[in-house]
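Read off the chains here:
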Amino acid sequence: MHKMPRIWIDYCQFMVSQCKITRSRRTFDRALRALPITQHPRIWPLYLRFAHNLPLPETAIRVYRRYLKLSPENAEEYIDYLRSVGRLDEAAIRLAAVVNDENFVSKEGKSNYQLWHELCDLISQNPDKVTSLNVGAIIRGGLTRFTDQLGKLWCSLADYYIRSGHFEKVFDSYAQFEESMIAAKMETTSELGQDEDGDIDLELRLARFELLITRRPLLLNSVLLRQNPHNVHEWHKRVKLYEGQPRQIINTYTEAVQTIDPMKATGKPHTLWVSFARFYEDNEQLDDARTIFEKATKVNYKQVDDLAAVWCEYGEMELRHENYDQALRILRKATAIPARKAEYFDSSEPVQNRVYKSLKVWSMLADLEESLGTFQSTKAVYDRIIDLRIATPQIIINYAMFLEEHNYFEDSFKAYERGIALFKWPNVHDIWNTYLTKFIDRYGGKKLERARDLFEQALDRCPAKYAKTIYLLYAKLEEEYGLARHAMAVYERATAAVEPEEQHQMFNIYIKRAAEIYGVTHTRAIYQKAIEVNHSAVTHLNIYQTCACLTAHFWQTWKEFEIRHGNEDTIREMLRIKRSVQATYNTQVNFMSSQMLKATINATGTEVQLEQKSVPTAVFGGLKDD
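As the structure is a prediction and not an experimental result, all values here were calculated from the model.

Attention now goes to the overall build of the protein chain. When its secondary structure is counted, the protein chain shows 33 helices and zero strands. Within the span of the protein chain, comprising 626 residues, buried residues form 42% of the whole. Sequence-distant contacts, at least 24 apart, represent 53% of the contacts inside the protein chain between residues at least 6 apart. As presented, the protein chain carries roughly 35,400 Å² of accessible surface, and 51% of it is formed by carbon and sulfur atoms.

Looking now at the side chain of Asn-221. Inspection of the secondary structure puts Asn-221 in helix α12 (residues 216–227). Apart from residues no more than four positions distant in its own chain, Asn-221 is found in contact with Glu-234, Lys-237, Arg-238 and Leu-241.

Let's shift gears to empty space enclosed by the protein. According to the stated counting rule, one finds one cavity of 30 Å³ or more in the structure shown. Taken together, Glu-76, Ile-79, Asp-80, Leu-95, Glu-108, Lys-110 and Glu-118 form the lining of the largest cavity. The dominant element in the lining of the largest cavity, judged by the number of residues it contributes, is helix α5 (residues 75–84), at three residues. Of the residues belonging to the lining of the largest cavity, the class tally is two nonpolar, no polar and five charged.

Moving on, we come to the UniProt feature "repeat: TPR" (unreviewed entry) in the protein chain. The UniProt feature table records "repeat: TPR" (unreviewed entry) at residues 308–341. Secondary structure across residues 308–341 divides into 71% helix and 0% strand, with the first and last C-alpha atoms of the span separated by 16 Å.

Our focus in this paragraph is the packing of aromatic side chains. Taken as a whole and judged by the stated rule, the model has 28 aromatic pairs. Both rings, one in Phe-28 and one in Tyr-47, keep their centres 4.7 Å apart while their planes meet at 10 degrees; by these two values the pair is stacked. Taken together, the residues span a long stretch of sequence, with Phe-28 in helix α2 (residues 21–34) and Tyr-47 in helix α3 (residues 40–52) at a distance of 19 residues. Neither residue differs from the other here; Phe-28 and Tyr-47 are each classed as buried. Centre to centre, the rings of Trp-44 and Tyr-67 are 5.2 Å apart; their planes meet at 50 degrees, and the pair counts as tilted. Note that Trp-44 is positioned in helix α3 and Tyr-67 in helix α4 (residues 57–70), a separation of 23 residues in sequence. The two residues Trp-44 and Tyr-67 agree in class, both being buried.

The subject of this paragraph is the environment of Tyr-416. Locating Tyr-416 in the fold gives a position in helix α22 (residues 409–422). The class for Tyr-416 is buried, based on a relative accessible area of 1%. For Tyr-416 and Tyr-399, which are 17 residues apart along the polypeptide, the C-alpha to C-alpha distance reads 8.5 Å. Look past the residues within four positions of Tyr-416 in its chain and what remains in contact with it is Ile-396, Ile-397, Ala-400, Met-401, Ile-431, Thr-434, Tyr-435 and Lys-438.

Enumeration according to the criterion identifies 34 salt bridges in this entry. Arg-278 is the salt-bridge partner of Glu-281, the closest N and O atoms lying 3.5 Å from each other. Placement of the pair is Glu-281 and Arg-278 together in helix α15 (residues 270–282), with a separation of three residues, close to one helical turn. By relative accessible area, Arg-278 is classed as partly exposed at 34%.

In this structure, Pro-426 follows Trp-425 across a cis peptide bond, with omega equal to 5 degrees. Considering the arrangement of structural elements, one finds Pro-426 in the loop between α22 and α23 (429–443). Of note, Arg-389 is a non-glycine position whose phi angle comes to about 60 degrees, a positive value. Relative to the helices and strands, Arg-389 resides in the loop between α20 (375–387) and α21 (393–405).

The next point concerns the packing of α23 against helix α25 (residues 464–481). Interhelical geometry of α23 versus α25 gives an angle of 10 degrees and a closest axis separation of 11 Å. The angle between the axes of α23 and α25 places the two elements in the roughly parallel class. Residues His-429, Asn-433, Leu-436, Thr-437 and Ile-440 of α23 pack against Tyr-466, Thr-469, Ile-470, Leu-473, Leu-477 and Tyr-481 of α25. Of the residues assigned to the contact of α23 with α25, the class counts are seven nonpolar, four polar and no charged.

Moving on, we come to the side chain of His-40. For His-40, the position within the fold is in helix α3. Classification of His-40 as buried rests on a relative accessible area of 13%. Apart from residues no more than four positions distant in its own chain, His-40 is found in contact with Leu-32, Leu-35 and Leu-70.

Within the secondary structure, Ile-509 is located in helix α27 (residues 500–518). Each C-alpha atom, one on Ile-509 and one on Leu-472, is 9.3 Å from the other, the two residues being 37 residues apart in sequence. Beyond its immediate chain neighbours, meaning those up to four positions away, Ile-509 contacts Leu-472 and Tyr-491.

Another point: α27. With 19 residues, α27 extends 26 Å between its outermost C-alpha atoms, agreeing within 8% with the 27 Å of an ideal straight helix rising 1.5 Å per residue. Trailing α27 by a residue or two, Gly-519 shows a phi angle of about 110 degrees, which is positive.

Helix length check: α15 (13 residues) gives 18 Å between terminal C-alpha atoms against 18 Å at 1.5 Å per residue, within 8%. Restricting attention to buried positions, one finds in α15 the residues His-270, Leu-272, Trp-273, Val-274, Phe-276, Ala-277, Phe-279, Tyr-280 and Glu-281. Once α15 finishes, Glu-284 follows within two positions and takes phi at roughly 60 degrees, a positive value.

It is at 10 Å that the axes of helix α18 (residues 324–334) and helix α19 (residues 359–372) come closest, and there the two elements cross at 145 degrees. Our pair here, α18 against α19, has a crossing hand that is left-handed. Within the contact between the two elements, α18 uses Tyr-324, Ala-327, Leu-328, Leu-331, Arg-332 and Ala-334 and α19 uses Val-361, Met-364, Leu-365, Leu-368, Glu-369 and Leu-372.

Mean pLDDT over the protein chain stands at 78; residues scoring 70 or higher make up 78%. This stretch, residues 603–626, has a pLDDT under 50; its non-local contacts, to residues over four places away or in other chains, come to 47 contacts.

The rules behind the values
Residues numbered from 1 in each chain as written. Predicted model: local features only at pLDDT ≥ 70, side-chain atom pairs only at ≥ 80, totals over all residues. Heavy atoms only, no water. Helix = DSSP H or I, 4+ residues; strand = E, 2+ residues; numbered from the N terminus. Buried < 20%, exposed > 50% of the residue type's maximum accessible area, 1.4 Å probe, protein only. Contact = heavy atoms within 4.5 Å. Areas by Shrake-Rupley, 256 points an atom, 1.4 Å probe, with all protein chains shown as cover. 1 Å grid on protein atoms, 1.4 Å probe; cavity = no way out; pocket = protein on both sides within 12 Å on 5 of 7 lines; lining within 4 Å. Points joined across faces, edges and corners; volume = space filled by probe spheres on them. Nonpolar A, V, L, I, M, F, W, Y, C, P; charged D, E, K, R; others polar. UniProt positions renumbered as here; feature names shortened; annotations may be inferred. Phe/Tyr/Trp six-rings, centres within 6.5 Å; stacked < 30°, edge-to-face > 60°. Salt bridge = Lys/Arg side-chain N within 4 Å of Asp/Glu carboxyl O. Axes fitted to C-alpha atoms, helices over the stretch in contact; angles between N-to-C directions. Parallel < 35°, antiparallel > 145°, perpendicular 65-115°, else oblique. Expected span 1.5 Å × (residues − 1). Left-handed = near helix turned anticlockwise from the far one by under 90°. pLDDT = per-residue confidence, 0-100.

Printed below as a string of structure tokens:
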């Protein structure tokens with residue numbers, strides 16, 4: 001009985017009523033395989049109704065695709081279903097295939113033009129969802145196919161470009177439409193044998209087309225501003241388009257500042273106010289420019305920095321016109337403490353209550369006070385910046401340098417100390433460097449203990465990355481004004497405190513200074529320590545230079561080493577050092593070596609034969625410790 005359609009129909013209806021989707025689909029498939037194709041029209045309506053009610057569009061789409069292989073004349077039903085489930089891309093593809101099929105007869109009685117019009121509406125109104133078709137080519141193909149419906153098709157093409165965001169192409173389409181209408185008008189006039197010069201309609205069309213081409217940038221700008229009236233960049237472009245038309249420029253600026261919501265703006269809305277005021281300034285209307293700036297300072301911008309920029313531009317304008325007192329009053333007004341204080345980043349408060357903490361405004365006021373104000377007013381500004389805790393390391397250094405220029409040295413050192421209290425490493429690095437250098441330049445060794453305390457404070461919690469400079473400055477202080485052993489202790493601390501890649505250089509400096517102060521023999525312990533911490537890379541040049549002063553046979557060893565491992569330059573350097581040592585230390589055993597020889601004989605009771613060497617005094621003896 002599997003060939004009986006009635007049994008299959010009842011069975012399929014029963015399975016559908018059980019809400020068993022997979023089993024129902026498989027039952028429909030078995031029925032189609034079992035029944036002859038002449039009986040399929042009795043199964044497909046049930047199958048399609050079942051698929052149409054499924055919550056899974058993909059299953060229904062696959063069922064419909066199979067169905068259309070049997071009944072392609074029902075494509076419209078499938079297209080309607082695709083549109084109902086939002087599968088517009090495939091709907092457009094199917095509809096395009098129907099339009100291009102000359103043998104297709106609509107069951108709904110639609111003409112080919114009506115189907116084409118549906119396709120144009122579908123693809124032009126959904127450019128983001130229809131991606132598989134060349135929409136522009138399809139609509140332009142309709143322009144040549146349906147010449148009596150040009151206006152409607154051009155509108156569809158323009159609608160597509162607008163929804164796609166291709167506003168320039170909208171204008172191009174409009175221009176092509178006008179151009180085609182002019183060409184058609186001229187052709188008609190020519191066929192009728194009329195004079196083109198006397199055709200008023202043609203003249204009007206030509207004038208309209210010329211005006212359209214001229215207004216192209218402005219029309220495009222208008223479209224973009226209608227899309228987003230808060231686009232600051234487009235408002236600036238619109239002002240440029242009206243260049244040479246002062247009244248239009250003023251109207252555009254006025255419309256812009258009234259339209260833009262700073263909270264929704266794309267770009268910096270304060271730049272429109274500044275440009276508006278600059279326009280009046282350039283036309284020597286300072287009072288109007290001041291009015292614009294005053295209004296701009298009352299706008300509730302999104303960022304405090306925007307309002308700060310307005311105040312600074314306001315002050316800059318007065319400076320350009322040499323109104324120095326007015327500029328000072330403006331900046332002092334901007335930094336005045338509001339009736340209701342608020343934190344800089346508290347977005348719940350208007351920017352007018354937060355701008356008093358803007359470093360940009362305070363920095364400009366400090367510069368003006370230094371140039372135009374008194375010592376006390378400038379000092380008060382810097383103190384206020386520090387009290388508000390908005391200072392930067394550069395502000396601290398500027399303040400201290402200002403005090404130093406006016407010979408308030410101790411006050412400048414206090415400024416450095418206030419800055420050190422505000423910042424931590426690594427931000428405090430520049431302050432410490434400047435402070436220590438200035439302190440040494442000022443007092444030298446007069447306040448040595450105080451200087452040592454400052455260096456110890458600086459080195460406390462100092463990161464290894466910044467330690468080298470401070471240690472070298474500390475050691476220099478001890479060498480010039482302190483004790484040699486203190487300097488050596490600083491160098492030794494430095495070798496352990498700096499970064500690993502700087503230890504090699506630090507050891508070299510340590511060795512060089514130790515040799516100059518105490519003599520070469522004092523460097524042996526330093527070399528041993530360097531090797532212990534894996535810094536045997538203390539260059540062979542240093543070792544050989546030292547040994548060259550001690551052993552006559554060493555020159556030959558050094559020469560052989562350079563021949564095997566060096567180059568022409570290193571051999572020349574070796575020979576230069578050899579000549580220098582021989583010229584400088586062309587002496588016999590010094591007094592110290594004699595004393596050492598005598599001590600050795602007395603201790604062992606045996607004469608020790610020593611070769612006479614050219615040994616420098618610095619080898620066995622050096623500077624006495626302070």
